[in-house]
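Okay, here's what each chain looks like letter by letter:
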Amino acid sequence: MADQYAHSGEDKRPTEIPVIRWEEPPEGPVLVLLDQTRLPAEEVELVCTDAPALVEAIRSLAVRGAPLLGIAGAYGVALAAARGFDVEDAAQAIEGARPTAVNLSVGVRRAEAAYRAALTTTGDPTAAATAALAAARALHQEDAEASARMAAHGLALLGELLPGGGHRILTHCNSGSLVSGGEGTAFAVALAAHRQGELRRLWVDETRPLLQGARLTAYEAARHGMAYTLLTDNAAGSLFASGEVDAVLIGADRIAADGSVANKVGSYPLAVLARYHHVPFIVVAPVTTVDPGTPDGASIEVEQRPGFEVTEITAPQVQVTGAGGGIPVAPLGTQAYNPAFDVTPPELVTAIVTEEGAVSPVTAEALAELCARSRQVTI
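Residues numbered from 1 in each chain as written. Predicted model: local features only at pLDDT ≥ 70, side-chain atom pairs only at ≥ 80, totals over all residues. Heavy atoms only, no water.

1. What to know about unusual backbone geometry
Phi is mostly negative for residues that are not glycine, and the peptide bonds are mostly trans. How we decide: We count a stretch as a helix when DSSP gives it H or I for four or more residues in a row; a strand needs E for two or more, and each element gets its number in order from the N terminus. Exposure classes here rest on a 1.4 Å probe applied to the protein chains alone. A residue is buried below 20% of its type maximum, exposed above 50%, and partly exposed in between.
The amide bond that connects Arg208 to the next residue, Pro209, takes the cis arrangement and shows omega of 5 degrees. Tracing the backbone through its elements, the reader meets Pro209 in the loop between strand S6 (199–205) and helix H7 (212–223). For the bond from Ser360 to Pro361, the omega torsion is 0 degrees, close enough to zero to count as cis. Mapped onto the secondary structure, Pro361 falls in the loop between strand S17 (357–359) and helix H11 (364–378). The phi torsion at Thr207 lies on the positive side, around 70 degrees, for a residue other than glycine. By secondary structure assignment, the location of Thr207 is in the loop between S6 and H7. What makes Thr207 buried here is its relative accessible area of 0%. We note that Leu211 has phi near 60 degrees; this positive angle belongs to a residue other than glycine. Looking at where Leu211 falls in the secondary structure, it is placed in the loop between S6 and H7.

Laid out in structure tokens, this is it:
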């Protein structure tokens, strides 16, 4: 399954955090992941030797974020092929690990298609495994390149909407290098603004109940020396009311054909607040997150997470006592409503920024045209 190797506080990682990598030690190939459930207290790596280990890592959120899930899914198929496991079974298990993030399916299917094509052509499982790994590596590189292009397009859009710089950007969940082959999606735009001297303040939602903002976005912002302030999710309204937000930037886990956006739960209330206060609400995601097969927001399957994530609080460095591995904060037997995502309708989205450019206003026709243009570029 998965082995863990802890790094001491003296082991300083570079600014660009290696969240995923393929290694080939003498005992066989492995997929190495930075365990995001342990951040920011410690940097620990998970070493996956098979598909079940990767599925466990995905479900536990050790590896997370739409683009990175696609990369991990592709590498997972390559890992199964390289180690001689049943590729079809592995692909099905990995693809089903989380239902909302469409990139996971995209990555799995791309690597599996490369494997099948090579196996049909050569009849050689080793050659087919090599093809699957090449597909995963290509996806990894493409995502890094897409991240840089999204950052450039997003920064240009901010310049158009908010001339003069000094941006005060509110973000939700985590959308930096921890979710990407590059520097991320929405966070990459804020980082580009920071490097240009145009970021006045990054407002970071805690992102309850699992605190991806507090644990992960703040962690990345600190590493880059960005001016950031953490706030509880329910403080966002007062922040808007005081005129302290110039734009909202979020990522996405799935974008339906009509432009509806599924992102970490809590994103939709920010869109409503942004509309009321006349603040741009901008979604940043690669074209692979747009799913033409999902017609609208109502068709997006929203993952329901375990209730103990709400009724308990977890912290990597704290001894725990709860049934889910955390500290109980609600009476025993309390039921919890815990959707992982919510869906924002397109009329509340100012723009969707991708590596192929920005779509605004957000319409089904504009998204379809963008996706078609992306396919032409790929071909």
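2. Description of the packing of helix H5 (residues 125–161) against helix H6 (residues 186–195)
Filter applied, for reference: An axis is simply a line fitted to the C-alpha atoms; with a helix, the fit covers only the stretch in contact. Between two such axes, the angle follows the N-to-C directions and lies from 0 to 180 degrees. Note on convention: the crossing is left-handed when the near helix lies turned anticlockwise from the far helix by less than a right angle, right-handed when the turn is clockwise. Residues count as neighbours in contact if any of their non-hydrogen atoms are within 4.5 Å of one another.
Between H5 and H6, whose axes approach to 8 Å, the crossing angle comes to 65 degrees. The crossing of H5 and H6 is right-handed. For the pair H5 and H6, contact is made by Ser147, Met150, Ala151, Gly154, Leu155 and Leu158 and by Ala188, Val189, Ala192 and Ala193, respectively.

3. Examining helix H3 (residues 87–95)
This is how the line gets drawn: Directions from the helix axis toward the C-beta atoms define the arc. Contacts described as polar in this section are N or O atom pairs within 3.5 Å, which, within protein, must combine one atom able to donate a hydrogen with one able to accept it, while residues neighboring in sequence count only if both atoms come from side chains.
Residues of H3 that are buried include every one of Val87, Ala90, Ala91 and Ile94, and no others. Buried residues of H3, seen end-on, are gathered within an arc of 100 degrees and therefore sit on one face of the element. In the core, the buried residues of H3 are packed alongside helix H1 (51–59), helix H2 (66–82) and helix H4 (102–122). By the N-cap criterion, in which a side-chain oxygen at the helix start approaches the backbone nitrogen of a residue two or three places on, H3 is capped by Asp86, the distance to Glu88 being 3.0 Å.

4. Considering the sheet that holds strand S15 (residues 341–344)
Note on sheets: strands pair through backbone hydrogen bonds, and any given pair is parallel or antiparallel. Put simply, the rule is: Here the rule is simple: two strands pair whenever DSSP picks up at least two bridges between them.
Read across the open sheet, the four strands follow the order S12-S9-S10-S15; overall the sheet is mixed. Looking at strand neighbours, the two that pair on one side only are strand S12 (290–291) and S15, the edges of this open sheet. The strands touched by helix H9 (residues 267–276) are strand S10 (261–264) and S15; relative to S15, the strand with the most contacts, the crossing angle is about 30 degrees.

5. Focus: the pattern of salt bridges
Threshold: Between Lys or Arg on one side and Asp or Glu on the other, a salt bridge is scored when a side-chain nitrogen of the former is within 4 Å of a carboxyl oxygen of the latter.
Evaluated as defined, the whole model comprises 15 salt bridges. Residues Arg149 and Glu356 are paired through a salt bridge, measuring 2.8 Å at the closest nitrogen-oxygen approach. Taken together, the residues span a long stretch of sequence, with Arg149 in helix H5 and Glu356 in the loop between strand S16 (351–354) and S17 at a distance of 207 residues. In this structure Arg149 comes out as partly exposed when scored by relative accessible area, which is 35%. Assessed through its relative accessible area of 18%, Glu356 is described here as buried. The structure contains a network of salt bridges with shared partners spanning Arg98, Glu303, Arg305 and Glu309.

6. What about the environment of Gln335?
Topologically, Gln335 is positioned in the loop between strand S14 (327–328) and S15. Taking the C-alpha atoms as reference points, Gln335 and Val310, separated by 25 residues in sequence, lie 9.1 Å from one another.

7. Thoughts on H6
Summarising burial for H6: eight of the 10 residues are buried, a large majority. Every buried residue of H6 is accounted for by Ala186, Phe187, Ala188, Val189, Ala190, Leu191, Ala192 and Ala193. Each element contacted by the buried residues of H6 is listed here: H5, strand S5 (167–171), S6, H7, strand S8 (247–250) and strand S11 (281–284).

8. Let's talk about the packing of aromatic side chains
The description of two aromatic rings rests on the distance between their centres and on the angle between their planes. Condition: Each Phe, Tyr or Trp ring (for Trp, its six-membered ring) is paired with any other whose centre lies within 6.5 Å, and the angle between the two planes then decides the class: stacked below 30 degrees, edge-to-face above 60, tilted in between. Here, over-ring charges are defined by two tests on the NZ atom of lysine or the CZ atom of arginine: distance to the ring centre within 6 Å, and angle to the ring normal within 35 degrees.
Applying the stated criterion to the full structure yields one aromatic pair. For the pair Trp22 and Tyr75, a centre-to-centre distance of 6.1 Å together with 25 degrees between the ring planes defines the contact as stacked. Taken as a pair, Trp22 in strand S2 (residues 20–23) and Tyr75 in helix H2 lie far apart in primary sequence, 53 residues in all. The pair formed by Trp22 and Tyr75 is uniform in burial state, with each residue classed as buried. The lysine or arginine in question, Lys264, covers the ring of Phe341, its NZ or CZ lying 4.8 Å from the ring centre.

9. Quick look at the nonpolar core
This is how the line gets drawn: Buried residues of nine kinds, namely Ala, Val, Leu, Ile, Met, Phe, Trp, Tyr and Cys, make up a nonpolar core once their side-chain atoms join them within 4.5 Å.
Of all hydrophobic cores here, the largest spans 49 residues; its most connected members are Ile20 and Leu33. Counting residues per element, this core draws most heavily on H2, which supplies 12 residues. Dropping the residues within four chain positions of it, Ile20 is found in contact with Leu31, Val32, Leu33, Leu68, Ile71, Ala72, Tyr75 and His140.

10. Here we look at the environment of Leu158
Topologically, Leu158 is positioned in helix H5. In this structure the C-alpha to C-alpha distance between Leu158 and Arg373, which are 215 residues apart in sequence, comes to 23 Å. For Leu158, the residues in contact, after removing those within four places along its chain, are Pro163, His167, Ile169, Val189, Ala247, Leu249 and Ile282.

11. Observations regarding the pairing of strand S3 (residues 30–34)
For S3, the tally of buried residues reaches five of five residues, placing the bulk of the element in the interior. As judged from the four bridges shared by S3 and strand S4 (residues 44–48), these two strands associate in the antiparallel manner. Pairing of Leu34 across the sheet is with Glu45, part of S4.

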